[in-house]
Amino acid sequence: MKKTLKALLMGLGLSVLLAGCSDISLNTSEAADANEAVSRAVVPTADKTKTIVIHLYGAASGTWNVWAWRKSPTEANYSSKGWPGGDIKLAKSSKDAGLETVMTVDPNYAMGILFVKSTGSPQTADIVISKALLEENTDFYFNFDESKVYTNAAECLGLKSASIASKDGDKIKGLVIGYESVTKDMFTVTGSDGTTNLEVASVAQSGTTVTITLTAGNMEKAPYTVRFKPNEETDASVVTAAVEVGLLDEMGYTYDGNDLGLTLSGSTATFKAWSPLVDEANVLLYADAAMAKSTKEENIAQRVKMIKNAETGVWTASGVSYGSNKYYKYEFITGEVATQVADIWANCASPDSYASQIVNINSSAEAKPDAWEATYVNPFGRSGTETKRYSDAVIYEMHVRDWSRAVVENSTGKYLDLANSEKFMKHLKDIGVTHVQILPVFDHAETNASSLYNWGYNPYHYNVPEGRYVTKGYTDGTQAVKEFRTLIQKLHENGISVIMDVVYNHTSGTGINSLYDKTVNKYFYRMTKSGAYSNGSGCGNEFATNHVMARKYVVDSLKHWMNDYHINGFRFDLMGCLETDTMREIYDELYAIDKNVLVYGEPWTGGTSAVVDGAVKAGKGAFGYGYGAFDDDFRDAIKGAEFGGFQLGHVAGKFNDDGIIKGLTGAVGKNKRNETGDPQLALHYAECHDNYTLFDKLAMSYLGVNKFSGDLFAEIGAAGLEKVRKEQSLVAAYLFLSQGTPFINGGQEFLRTKKGDENSYKSKDDINQIDLSFKETYSDVYDVYRSLIAFRKDFAVVRNATVKNEATKISTGVTKFVIADENDEFEIFFNATQAKASVSAEGKVVTIGKGSIGMNSGIFGAGVNTLDSATKLYKIAKESSKVTSVPAQSFVIVKTK
């Protein structure tokens, strides 16, 4: 998933479309000095102009700017200077507690706007002022924590939200906008019955946050109604103050049992749901999936009342005779509002997860492929009988649909298309990877009827397989379970372990579009002080793993995938949105199941997150090695940074010798992604599903362009292709010969292209699908990859240099790397320059690859590049020789011990 907001496209001010999200804004802001005069900006070109006034409230102290643009085909900027400054400053208003500025705009088009501090952070989301609003209004009002456009001050200002913030109900936290000095006389509080008055004892204000202390709370009368009237001339603001969901933990509404969801015993079922704030709860039983899809009363076969445990907030219906009914939902009732929702703790669901299935997937024959093992299986370490290191793994990223179309014509992405493909399994074994990392396969937000492509970073139900990858038209949830298990089983039979790409940082929607909000409103999400969803994911919300039951849910979900599906590892999308102690707990819990489990993630967020102590680097666990992190420092050094504009990397001639040396030895880079002292916890990569493919990035670097759409092979020509082939092979050497854990994207090994598409999360199949003919067309590059993998797997020192691990700069772009353990020693020379480099070494030369770019080809004498024609793997010379040079854009491996 695209994680770091594109910094800043210097002058475009455009929203970045994040993987699996809708339009996500470039958050940014800058404000003027308190005494600075109101500024004015003029549209560069416009058919007509109009002067408007922008008012901002709730921003922290400091200097703030407006970044604005015209929403037209040309996206002309109102902010003409470089990011984040622009030339539209905000000054302190003489009327109230806000900031303001005057702008001249073009009302022919909608206007995009955001607010950014002069330092570049924090910033708001992108906000759009429609053409109609621009035509009809002159003043526009904004609250920093909202994306809403107000056209009058009365609606924008006042009490915006409130919540009960103490377990006794005697404290209320509220957000007041536009008033710097409030008193208790401005507030009145009444109970939910509308008649009980709760006396306000005092009010404290800190910025926009007010704390109302009552003489005495009355939780039996919650939620409260809070009224704010600052003066006689101003209309009152009235909001509802419900119990702050984060308070549920403090109030003891938690549960540590392992039986939430469905438990079957013969012909009866017990249902347990955690939803402490609702007044009533029922189980609704349905005959089949079609009946369960509707919320109509007549479709319900049976309604069973649930009993609440007042201490834990768990509702239970025990010993329910379900008869022939196959599906169920919960009905949660608060006041007059009834909400139907699937069971978030269930592990089998109807198509599209609108209901949960009454089945035990571990005893039902319909949910298991033939010969499915009852106990956990992991080829990596022979199911725990051997101890493996992270660095013993070679991880290969793949998307179900990308690869199913490579082996089945016009496939729309099916588990069975891959499971039944000998060609697919043979390729994985041929290249020599140990693990496949599959892009998200839990249930996505798209319905099964949709044939549109998506990576899947839009979670709907975390505990059931994505239905669009199941045989089309299925009606029984066990079929989804069985078909995904079949794929895992086939991979295991071929010696390949399975890593699941998980997205426990956000869900596809909130409110009525979230199973989690419909279960306990807002508890499973972090909220801002205004009561809005925090957006550290960049996708509209972030999962609140700081809450006890949300963290328990994530841990239970992960254990479910390991125990019930035999998943062998997890890659955490936006791991920085999860707390360090959450990741530590996750690793420890999963290590208890399999000591060889791989747990790692992206050590960053997708925006400004409310997380405290986020996991922005690798970390140790109580046992085992701990959890790893992607090393973006090494990535950027090799091929050029992905953010802050298109940048060249070391292999393309913008040399970064220090970054290369640190990456090779597993040392800590500037972003400090791995400070554990254990290099294996650094994931070394140069390509993943995000951003350009490595070939596209290198081809565009060769062309000197920062955008391209089309056939890059044709564009760079034969000379460019020869150069890029060498560069791509050199990248492989940096990755597979380094002290870390290597990771490649499927197709990287044979010059996969996406035709210049940098963010293909919902692009067409002709952009995303794998073309296996490239494997033969560019077999020289492919052979370098597979030969390096074989070499790495055969020599423990390449994976863990226990005696010597030293890299030095010989000259700009030329590096010497020495690794040794008790058994072997190698001197490895890398030359990223365009000229032959002089070096000095003596030993047995290792030949890697075959063909025109086979490393060491034609340099050390006849016969050195002769490989076994059957395996095409590396070869070590029988006799020692002196090595005096390394060809341009190449590498040489010399065995010195």
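Because the structure is predicted, anything quoted here is derived from the model rather than measured.

1. Focus: helix α5 (residues 400-407)
Of all 8 residues in α5, 7 are buried, a share of seventy percent or more. The complete set of buried residues in α5 reads Val-400, Arg-401, Asp-402, Trp-403, Ser-404, Arg-405 and Ala-406. Buried residues along α5 sit against β28 (395-398), α6 (415-419), α7 (422-431), β29 (435-438) and α16 (765-768).

2. Structural notes on the sheet that holds strand β24 (residues 314-321)
To summarise the sheet geometry, strands pair through backbone hydrogen bonds and adopt either a parallel or an antiparallel arrangement. Read across the sheet, 4 strands follow the order β19-β20-β24-β23 without closing on themselves; strand pairing throughout is antiparallel. Two strands lie at the open edges of the sheet, namely β19 (261-265) and β23 (307-308), each paired on one side alone. Bridging between strand β20 (residues 268-274) and β24 involves 6 bridges; their strand directions are antiparallel. Along β24, the bridge assignment pairs Ala-273 with Trp-315.

3. Some details on the environment of Met-527
Its location among the elements puts Met-527 in the loop between α9 (515-519) and α10 (548-565). Given a relative accessible area of 24%, Met-527 falls into the partly exposed group. Beyond its immediate chain neighbours, meaning those up to four positions away, Met-527 contacts Lys-522, Ala-532, Tyr-533 and Ser-534.

4. Re unusual backbone geometry
Note the cis peptide between Ala-222 and Pro-223, where omega equals 0 degrees. Tracing the sequence through the fold places Pro-223 in the loop between β16 (209-214) and β17 (224-228). Not every positive phi belongs to a glycine, and Leu-574 is a case in point at roughly 45 degrees. By the element assignment, Leu-574 lies in the loop between β33 (569-572) and α11 (580-591). Among the residues examined, Leu-574 registers a relative accessible area of 0% and is labelled buried. Of note, the phi angle at Asp-613 is positive, near 60 degrees, even though the residue is not glycine.

5. A few points about the sheet that holds strand β12 (residues 171-177)
Strand order in the open sheet made by the 8 strands is β14-β13-β17-β18-β11-β12-β16-β15, with mixed pairing throughout. Two strands lie at the open edges of the sheet, namely β14 (197-198) and β15 (200-206), each paired on one side alone. Strand direction decides the pairing type here: strand β13 (residues 187-190) and β17, joined by 4 bridges, are antiparallel. Within the sheet, the bridge partner assigned to Phe-187 lies in β17 and is Phe-228.

6. Some remarks on the pairing of strand β4 (residues 64-71)
Counting buried residues along β4, 7 of its 8 residues qualify, which places the element largely inside the surrounding structure. As defined by bridge partners, β4 adjoins strand β8 (residues 110-117) across 6 bridges and the pair is classed as antiparallel. Along β8, the bridge assignment pairs Trp-67 with Leu-114. Pairing of β4 with strand β5 (residues 88-89), which is carried by 2 bridges, proceeds in the antiparallel orientation. What sits directly across from Asn-65, in β5, is Lys-89.

7. Description of the pattern of salt bridges
Using the criterion set out here, one finds 41 salt bridges in the structure. The salt bridge involving Asp-259 is made with Lys-272; its shortest N-O contact spans 2.8 Å. With Asp-259 in the loop between α3 (247-250) and β19 and Lys-272 in strand β20, this pair connects stretches of sequence that are 13 residues apart. Overall, Lys-272 belongs to the buried group, its relative accessible area being 17%.

8. What about the confidence of the model for the protein?
One rule of thumb: low pLDDT means the predicted coordinates there are not for detailed reading. On average, residues of the protein score 90 in pLDDT, and 92% of them are at 70 or above. Low pLDDT, under 50, characterises residues 2-20; the stretch is placed with 73 contacts to residues that sit more than four places away or in other chains. Contacts from residues 22-46, a stretch scored under 50 in pLDDT, to residues over four places away or in other chains number 111 contacts.

9. Concerning the pairing of strand β44 (residues 890-895)
For β44, the buried fraction is high: 6 of the 6 residues fall into the buried class. Here β44 shows two buried faces, one formed by Ser-890, Val-892 and Val-894 and the other by Phe-891, Ile-893 and Lys-895. Examined bridge by bridge, strand β40 (residues 825-831) and β44 share 6 bridges and lie antiparallel to one another. Bridging across to β44, Glu-827 finds its partner in Val-894.

Each value, and the rule that gives it
- Residues numbered from 1 in each chain as written.
- Predicted model: local features only at pLDDT ≥ 70, side-chain atom pairs only at ≥ 80, totals over all residues.
- Heavy atoms only, no water.
- Buried < 20%, exposed > 50% of the residue type's maximum accessible area, 1.4 Å probe, protein only.
- Helix = DSSP H or I, 4+ residues; strand = E, 2+ residues; numbered from the N terminus.
- Contact = heavy atoms within 4.5 Å.
- Pairing = 2+ DSSP bridges.
- Salt bridge = Lys/Arg side-chain N within 4 Å of Asp/Glu carboxyl O.
- pLDDT = per-residue confidence, 0-100.

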